[in-house]
Amino acid sequence: MGNSALAAGVWGLVGGCSLLIGAVIGLFVPTSKKVISAVMALGAGVLISSVAFELMDEAFRSGGFDAASIGLSLGAILFYVGDQIIEKKGGKHRKRSQGQQAGGSSTAILLGALMDGIPESIAIGVSLLKGGTVGVVMVVAVFLSNIPESLSSASGMQKAGHSRKFILLVWTAVVAISAASSLVGYLLLAGVSGNIIGGIQAFAAGAILTMLASTMMPEAFEEGGAIVGLITTAGFLVSFVLSKLQG
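Summary of the structure given here. Bear in mind that the values here come from a model prediction, so they are computed numbers and not experimental data.

Cut-off values and rules
- Residues numbered from 1 in each chain as written.
- Predicted model: local features only at pLDDT ≥ 70, side-chain atom pairs only at ≥ 80, totals over all residues.
- Heavy atoms only, no water.
- Helix = DSSP H or I, 4+ residues; strand = E, 2+ residues; numbered from the N terminus.
- Buried < 20%, exposed > 50% of the residue type's maximum accessible area, 1.4 Å probe, protein only.
- Contact = heavy atoms within 4.5 Å.
- Areas by Shrake-Rupley, 256 points an atom, 1.4 Å probe, with all protein chains shown as cover.
- Expected span 1.5 Å × (residues − 1).
- 1 Å grid on protein atoms, 1.4 Å probe; cavity = no way out; pocket = protein on both sides within 12 Å on 5 of 7 lines; lining within 4 Å.
- Points joined across faces, edges and corners; volume = space filled by probe spheres on them.
- Nonpolar A, V, L, I, M, F, W, Y, C, P; charged D, E, K, R; others polar.
- Core = buried A, V, L, I, M, F, W, Y, C linked by side-chain atoms within 4.5 Å.
- Bend = angle between axes of the 7 residues up to and from the residue.
- Phe/Tyr/Trp six-rings, centres within 6.5 Å; stacked < 30°, edge-to-face > 60°.

1. Regarding the overall build of the protein
- Along the backbone of the protein there are seven helices and zero strands.
- Secondary structure of the protein in N-to-C order comes out as α-α-α-α-α-α-α.
- Considering the protein as a whole, with its 247 residues, one finds that 48% of them fall into the buried category.
- Contacts spanning at least 24 positions in sequence make up 84% of the contacts within the protein whose residues lie at least 6 apart.
- Working note: accessible area of the protein is about 10500 Å², and carbon and sulfur atoms make up 71% of it.

2. Looking at helix 5 (residues 164-189)
- Relative to the 38 Å expected for 26 residues at 1.5 Å per residue, helix 5 spans 37 Å between its end C-alpha atoms, a close match to the ideal helical length.
- Taken as a whole, helix 5 has its buried residues at Ile 167, Val 170, Trp 171, Val 174, Val 175, Ser 178, Ala 179, Ser 181, Ser 182, Gly 185, Tyr 186 and Leu 189.

3. Some points on empty space enclosed by the protein
- Enumeration over the complete set of coordinates arrives at two cavities of 30 Å³ or more.
- Taken as a whole, the second largest cavity encloses approximately 30 Å³ of empty space.
- In terms of lining, the second largest cavity is formed by Gly 15, Gly 16, Leu 19, Gly 117, Glu 120, Ser 121, Val 142, Asn 146 and Ser 178.
- Those elements that provide at least two residues to the lining of the second largest cavity are helix 1 (3-28), helix 3 (106-127) and helix 4 (136-159).
- Taken together, the residues of the lining of the second largest cavity break down into two nonpolar, six polar and one charged.

4. Points about the nonpolar core
- Counting 27 residues, the largest nonpolar core has Leu 47, Leu 55, Met 138, Ile 208, Met 211 and Leu 212 as its most contacted members.
- No other element matches the 10 residues that helix 2 (residues 33-91) contributes to this core.
- Residue contacts for Leu 212: discarding those within four places in its chain leaves Ala 44, Leu 47, Ile 48, Met 217 and Pro 218.

5. What about helix 6 (residues 194-224)?
- Here helix 6 contains 31 residues, and its C-alpha end-to-end distance of 41 Å stays within 8% of the 45 Å for a straight helix at 1.5 Å per residue.
- The largest bend in helix 6 is about 45°, located at Leu 212.
- At the C-terminal side of helix 6, Gly 225 shows a positive phi close to 80°.

6. Comments concerning the packing of aromatic side chains
- Applying the stated criterion to the full structure yields three aromatic pairs.
- Ring centres of Phe 60 and Phe 65 lie 4.7 Å apart, and the angle between their planes is 55°; on these two criteria the pair is classed as tilted.
- Residue classification places Phe 65 among the exposed positions, given a relative accessible area of 66%.
- What links up through ring pairs into an aromatic cluster is the set Phe 53, Phe 236 and Phe 240.

Dropping the structure here:
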């Protein structure tokens, strides 16, 4: 295993560890609904910008319109289908902050968290295939967006009656699998054509966008009101500036 492959796993771990940080904050630090919604909105804005300027732009450069459009569509469709299955199994409210997870399936909540996080981790691993350097903006975007995601979910899971031990184990598992996904994504895709790389990048983008629209953004607006629109825009701007500074 080369240094680049190890780097993919390490950077995937860096991006994913914020899930555990967010979970700890959600469990041990009293946080108002307004604060949670504001952080979620900021993270959503950061990810939207990264999807546009990091993933989709690179997908187009690597594979052209066909890879970008097909990959994006497949990522969105498969996430939607998976999300519907998770909802029916009891994981519908896995990211809610006010205890709506009560009565839901622990397994479904865990699988839902994995489904939400793996596309982001794969995107980090794939970014190393282009020139051997990690997409710093993508790592920052994943790191920032993960904190409110797990903060909200952990807070809601605790209110729903799950033990702190169980919640921390769930998010520790998600972090470990996210890091592994970044590593596996790199190993499986090393040496493949630019068309396939572009398709995978776009696939991750489609899954992330669908996740944001169906889970994070509705929760942020419901709890925070119209101000989350401005906060989301601020997150978008931060990520945009970072992408240009990196370039």
